[in-house]
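# Per-entry structural report
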Amino acid sequence: MTEIPKNHPRYESLMAREQIVAGVEKGMTSRQGLIAQGRGEAFDYLIGENTTEGAAYAEAVAVCLLLLAENPVISVNGNAAALAAAELVMLSQLTGAKLEVNLFHRTDERVKKIIGELKENGADVVLGENAEPLLPLEHERAKVERDGIFDADVVFVPLEDGDRCQVLTDMKKLVIAIDLNPLSRTAQTAHVSIVDNLKRALPNMIDMIPEFRNMNEEDLWEIVDAYDNNVVLMDAIETMKENLTAKQNEILGIDEDSD
Ligand code: PTJ
């Protein structure tokens with residue numbers, strides 16, 4: 001692992017890279033996961049490497065939905081496991097959501113390694129080893145467990161690659177996604193799209209749980225029902241446009257505050 005000094009201006013981002021590289025070295029993360037991380041970094045740069053108001057709102061709604069769900073499942077892939085295994089386990093414990101490993105570049109070895117990582121971080125049970133091709137997809141993401149994603153009413157998919165999200169919504173499941181790319185099929189298809197870095201979104205969600213845990217179902221549904229995912233997606237795109245314009249003005253020496 002490359003030693004990154006804490007005062008490096010890009011410390012957080014470089015550390016996340018190291019985590020993904022370590023995930024590949026451990027056999028949990030796919031090599032393609034390195035590319036996915038790079039794409040995420042680029043969008044994170046555009047959003048300002050901060051949790052926007054819109055993302056915080058989506059995170060709150062996601063927490064409400066997880067608390068309301070009868071059979072919530074958190075789907076874990078190689079990138080999520082490398083970046084935030086402890087937080088995924090904590091979120092599952094605090095909301096009662098099951099953890100299931102579901103991979104695009106699936107191998108039994110990777111599934112076992114990710115389950116091992118989640119258990120090392122405190123998980124008791126992790127589904128995924130007994131997955132069957134139950135989803136109408138022609139790739140390995142079709143393999144899910146009957147008691148897990150197949151039967152879930154709410155599925156939380158941190159870092160997804162598109163078509164499974166569509167299939168899950170077609171199956172009338174409510175889907176929460178984390179994806180820094182607001183233009184992706186996943187972000188456009190999910191019911192709640194969190195346009196934020198997984199590494200910020202999960203701790204935010206964990207911190208929000210005490211605020212919602214004791215609310216009655218009616219109040220939680222009111223929050224969920226008032227939510228419009230398109231507004232959140234538009235907000236993310238608007239923030240990116242504003243950040244690009246501000247940078248452009250800075251390069252051109254235009255003072256935004258002057259008339
Ligand atoms: O472990 P596997 O085999 O299931 O494979 C996992 C990856 C992520 C490789 C696979 O699902 C994949 O190829 O995904 P994509 O199509 O590259 O999509 C990943 C999305 O996540 C992209 O839109 C990225 O912008 C986004 N992303 C990447 N890193 C982060 C992120 N979003 C939030 N936080 C991140 N850290």
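Going by the structure above, here's the rest.
Calculation criteria
Residues numbered from 1 in each chain as written. Predicted model: local features only at pLDDT ≥ 70, side-chain atom pairs only at ≥ 80, totals over all residues. Heavy atoms only, no water. Helix = DSSP H or I, 4+ residues; strand = E, 2+ residues; numbered from the N terminus. Rg over C-alpha atoms; globule rule 2.2 N^0.38 Å. Buried < 20%, exposed > 50% of the residue type's maximum accessible area, 1.4 Å probe, protein only. Contact = heavy atoms within 4.5 Å. Areas by Shrake-Rupley, 256 points an atom, 1.4 Å probe, with all protein chains shown as cover. Lys, Arg positive; Asp, Glu negative; His and termini not counted. Charge placed at Lys NZ, Arg CZ, Asp CG, Glu CD. Near = heavy atom within 4 Å. Polar contact = N/O pair within 3.5 Å; in protein donor to acceptor, adjacent residues only side chain to side chain. Core = buried A, V, L, I, M, F, W, Y, C linked by side-chain atoms within 4.5 Å. Pairing = 2+ DSSP bridges. Expected span 1.5 Å × (residues − 1). Axes fitted to C-alpha atoms, helices over the stretch in contact; angles between N-to-C directions. Parallel < 35°, antiparallel > 145°, perpendicular 65-115°, else oblique. Left-handed = near helix turned anticlockwise from the far one by under 90°. Nonpolar A, V, L, I, M, F, W, Y, C, P; charged D, E, K, R; others polar. Disulfide = S-S within 2.5 Å.

### Side note on the overall build of the protein
A tally of regular secondary structure across the protein gives 10 helices and seven strands. The C-alpha radius of gyration of the protein comes to 18 Å, within 12% of the 18 Å expected for a compact globule of 259 residues. Across its three principal axes, the protein shows a C-alpha extent of roughly 60 × 50 × 35 Å. The buried share of the protein, reckoned over its 259 residues, is 50%. Residue pairs at least 24 apart in sequence account for 65% of intrachain contacts in the protein once pairs closer than 6 positions are excluded. Accessible area of the protein: about 13000 Å², with a carbon and sulfur share of 49%. Here the protein contributes 24 positively and 47 negatively charged side chains, and the mean placements of these two sets differ by 9 Å.

### Remarks on the site of the ligand
As a matter of local geometry, the ligand sits amid 26 residues, with G78, F104, H105, R110 and D179 nearest to it. At 3.2 Å from a nitrogen atom of the ligand is found a main-chain nitrogen or oxygen belonging to L180. In this structure, a nitrogen atom belonging to the ligand sits 2.9 Å away from a main-chain N or O atom of L198. Calculation on the ligand without its partners gives an accessible area of 750 Å², and the protein chains cover 94% of this total. Breaking the shell around the ligand down by element, the ones donating at least two residues are α2 (32-47) and α4 (78-95). At six residues, the largest contribution of residues to the shell around the ligand is made by α2.

### Looking at the nonpolar core
Within the largest apolar cluster, 52 residues are counted, with the highest numbers of intra-cluster contacts made by V76, L91, L118, F156, I176, V192 and I194. Those residues in contact with F156 that lie beyond four places of it in its chain are L66, V73, I74, S75, L91, I176, I178, I194, L202 and M205.

### Focus on the pairing of strand β1 (residues 72-76)
Regular strands show a simple pattern: their side chains alternate between the two faces of the sheet. With respect to burial, β1 is a largely interior element, five of its five residues being buried. The side-chain alternation of β1 yields two buried faces, one formed by P72, I74 and V76 and the other by V73 and S75. The pairing of β1 with strand β5 (residues 154-158) spans three bridges and is parallel. Paired with I74 across the bridge in β5 is F156. Relative to strand β2 (residues 98-101), β1 runs parallel, the two sharing four bridges.

### Let's talk about helix α10 (residues 229-252)
Taking 1.5 Å of rise per residue, 24 residues should cover 34 Å, and α10 covers 35 Å from first to last C-alpha, within 8% of that figure. Along α10, the residues that are buried comprise N229, V232, L233, A236, T239, M240 and N249. Where the residues of α10 are buried, they touch α2, α3 (53-68), α7 (185-189) and β7 (192-194). Within two residues after α10, G253 carries a phi angle of roughly 75 degrees, on the positive side.

### A closer look at the packing of α4 against helix α5 (residues 108-120)
To characterise two packed helices, one gives the angle between the axes of the helices and the distance between these axes. Running from amino to carboxyl end, α4 crosses α5 at an angle of 25 degrees, the nearest separation of the two axes being 9 Å. Between α4 and α5, the crossing angle belongs to the class labelled roughly parallel. Considering the relative orientation of α4 and α5, their crossing is right-handed. Within the contact between the two elements, α4 uses G78, A81, A85, L88 and V89 and α5 uses R110, I114, E117 and L118. Of the residues contributing to the contact of α4 with α5, the split by class is six nonpolar, one polar and two charged.

### A word on the side chain of S184
In this fold, S184 is placed in the loop between β6 (174-178) and α7. One polar contact links the side chain of S184 to the main-chain amide nitrogen of A187, over a distance of 3.0 Å.

### Structural notes on the state of the cysteines
Per the counting criterion, the structure on display carries zero disulfides. For the unlinked cysteine C64, the closest cysteine sulfur is that of C165, found at 19 Å. Under the relative-accessibility criterion, C165 is labelled buried at 0%.

Remember, this is a structural readout, not a statement about activity or role.
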